[in-house]
Amino acid sequence: MSLFPPLEPYHRDFLDVGDGHRLYVEQSGNPDGLPVVALHGGPGGGSSPLLRRLFDPTRFRIVVYDQRGAGRSQPYAGTEHNTLPHLVDDLERLREHLNVPRWELVLGGSWGVTLALAYTQAYPASVAGLVLRGVFLCRQQDIDWLYTAEGAGRFYPDHWQRLIDALPEGDGDLMHRYHRALSGADGDPDGERLAREWTLWEARLSSLTPPPALNVDHNARAMARLETHYFVNGGFLDRPLLPRAHQIQCPVEIVHGRYDMVCPPEQAWLLHQALPDSRLHWVAAAGHSSAEPAISQALVRSVKALTARAARAASDNRSARYTQES
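Only a predicted model underlies this, so the values are computations on that prediction, with no experimental measurement involved. (Residues numbered from 1 in each chain as written. Predicted model: local features only at pLDDT ≥ 70, side-chain atom pairs only at ≥ 80, totals over all residues. Heavy atoms only, no water.)

Student: Kindly report on the pairing of strand 6 (residues 130-133), identifying the contributing residues and their values.
Tutor: What you see with strand 6 is no split at all: Leu130 and Leu132 on one side and Val131 and Arg133 on the other are buried throughout. In this structure, strand 5 (residues 105-109) lies alongside strand 6, joined through four bridges in parallel fashion. The partner of Leu107 across the bridge, within strand 6, is Val131. Summarising the sheet, strand 6 and strand 7 (residues 252-257) pair through four bridges and their orientation is parallel. (Buried < 20%, exposed > 50% of the residue type's maximum accessible area, 1.4 Å probe, protein only. Helix = DSSP H or I, 4+ residues; strand = E, 2+ residues; numbered from the N terminus. Pairing = 2+ DSSP bridges.)

Student: A description of the nonpolar core should follow, citing residues and the corresponding values.
Tutor: If you look at the biggest cluster of nonpolar residues, it comprises 68 residues, and the most contacted ones within it are Tyr65, Leu94, Trp103, Leu130, Tyr147, Tyr178 and Leu271. At seven residues, helix 3 (residues 111-122) tops the list of elements feeding residues into this core. Of all hydrophobic cores here, the second largest spans 21 residues; its members include Val36, Val64, Leu299 and Leu306. (Core = buried A, V, L, I, M, F, W, Y, C linked by side-chain atoms within 4.5 Å.)

Student: An account of the environment of Pro9 is needed here, citing residue identities and associated values.
Tutor: Structurally, Pro9 can be placed in the segment before strand 1 (11-18). Linking Pro9 and Arg53, residues 44 residues apart in sequence, is a C-alpha distance of 11 Å. The contact partners of Pro9, leaving out residues within four places of it in the chain, are Glu26, Gln27, Ser28 and Arg52. (Contact = heavy atoms within 4.5 Å.)

Student: Can you explain the sheet that holds strand 5? Please cite residues and give values.
Tutor: As summarised here, the arrangement of the eight strands in space is 1-2-4-3-5-6-7-8, forming an open sheet in which the pairing is mixed. On the outer flanks of this sheet lie strand 1 and strand 8 (278-283), each paired with one strand and no other. On average, adjacent strands in this sheet sit at an angle of 20° to one another, irrespective of strand direction. Note that strand 3 (residues 34-39) and strand 5 share four bridges and pair parallel. (Axes fitted to C-alpha atoms, helices over the stretch in contact; angles between N-to-C directions.)

Student: Kindly report on the pairing of strand 7, identifying the contributing residues and their values.
Tutor: Judged by how many residues are buried, strand 7 sits mostly within the fold: six of six residues are covered. Side chains Val252, Ile254 and His256 project from strand 7 onto one buried face, and the interleaved Glu253, Val255 and Gly257 project onto a second face that is buried too. By the bridge criterion, six bridges tie strand 7 to strand 8 in an arrangement that is parallel. Within the sheet, the bridge partner assigned to Glu253 lies in strand 8 and is Arg279. On the question of chirality, the crossover connecting strand 7 to the parallel strand 8 by way of helix 9 (residues 266-274) is right-handed. (Right-handed = clockwise from strand over helix to strand, strands pointing away.)

Student: Before we move on, could you go through the packing of helix 2 (residues 84-97) against helix 3 and cite the residues and values that matter?
Tutor: When two helices pack together, their arrangement is given by the angle between the helix axes and the distance between those axes. Here helix 2 crosses helix 3 at 70°, and the two axes come no closer than 9 Å. Our classification of the angle between helix 2 and helix 3 gives roughly perpendicular. Handedness of the crossing formed by helix 2 with helix 3: right-handed. Taken together, the residues of helix 3 that come into contact with helix 2 (itself represented by Leu84, Leu87, Val88, Leu91, Glu92 and Arg95) are Trp111, Thr114, Leu115, Ala118, Tyr119 and Ala122. (Parallel < 35°, antiparallel > 145°, perpendicular 65-115°, else oblique. Left-handed = near helix turned anticlockwise from the far one by under 90°.)

Student: Would you mind going over the environment of Glu192 in detail, with residue names and values included?
Tutor: Within the element layout of this structure, Glu192 appears in helix 7 (residues 189-206). Each C-alpha atom, one on Glu192 and one on Arg244, is 39 Å from the other, the two residues being 52 residues apart in sequence.

Student: Tell me about unusual backbone geometry, and please be specific about residues and values.
Tutor: Note that the residue after Gly42, namely Pro43, is joined by a cis bond; omega there is 0°. Take Pro43: it is sitting in the loop between strand 3 and helix 1 (49-52). Omega for the peptide link from Gln74 to Pro75 comes to -5°, which places this bond in the cis form. The residue Pro75 is located in the loop between strand 4 (60-65) and helix 2 in this model. The phi torsion at Asp19 lies on the positive side, around 60°, for a residue other than glycine. Its place among the elements puts Asp19 in the loop between strand 1 and strand 2 (21-29). Although it is not a glycine, Cys138 sits at a positive phi angle of roughly 60°. Mapped onto the elements, Cys138 comes out in the loop between strand 6 and helix 4 (140-147).

Next comes the structure, spelled out in structure tokens:
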């Protein structure tokens, strides 16, 4: 099942969420359709037009937005007042702002999975179902996989060496050294260079067969600044996500590439085991990126499957009420 055709938003807006932050928000599809929201990765990755194309535009009211500091949200790459609890509350404020009784579906990829799980745990009545791609649980071991020599660097030693060599000499581990270097003034040439190197490392790992030339200039500063800001602080998680996953009672569809080098597949398996109403779809010969055709096609199928499950559940509930009333 392929992506839906490209479409333009029927409404764009900025939502003031306080602390000097304004979120870029767009709506596409059917204004009277089922409300769904897509959460981008990163932190700091920003939204993509591809996210709109995962949903049937005749059936869904599609909400896509940029999280604090990402994409077209303001201030760009801002780290002040930017934590996971802020992002969770922003999503609930967005739901209220748009007069959405509850999200019929929340779709999250990578870091968007972290946010979707944290949001659903904080506001369970606001979410009817989840579609999760490239599961990132934001445990320390998941962060270490990406940013220590014992993890993904063992599979991509040449790219790992380039990430190390880009840094000037200094004390501390790679994560903290990049964090310090990227915290300087905007427009610093060395900071811009390091932001590109940081973002290129993850981009090279994201697809099973990445293109020969990768251009990350459009989001490098936000991605690098926000990822290091979040990850030196353990994702700002007050409690681990996985031990509380069983509290999520809504239906969940999980899509994960068998050869995901950004988020090793173990995370998807553990989450599936913990969630009481989840289905896990392995995608063969695929990596992490939602832009990989096999991943995007699996997401379209999962959105359709989750919607069908919700419709069957609603029908069963109506039948049960009818039987009781009779």
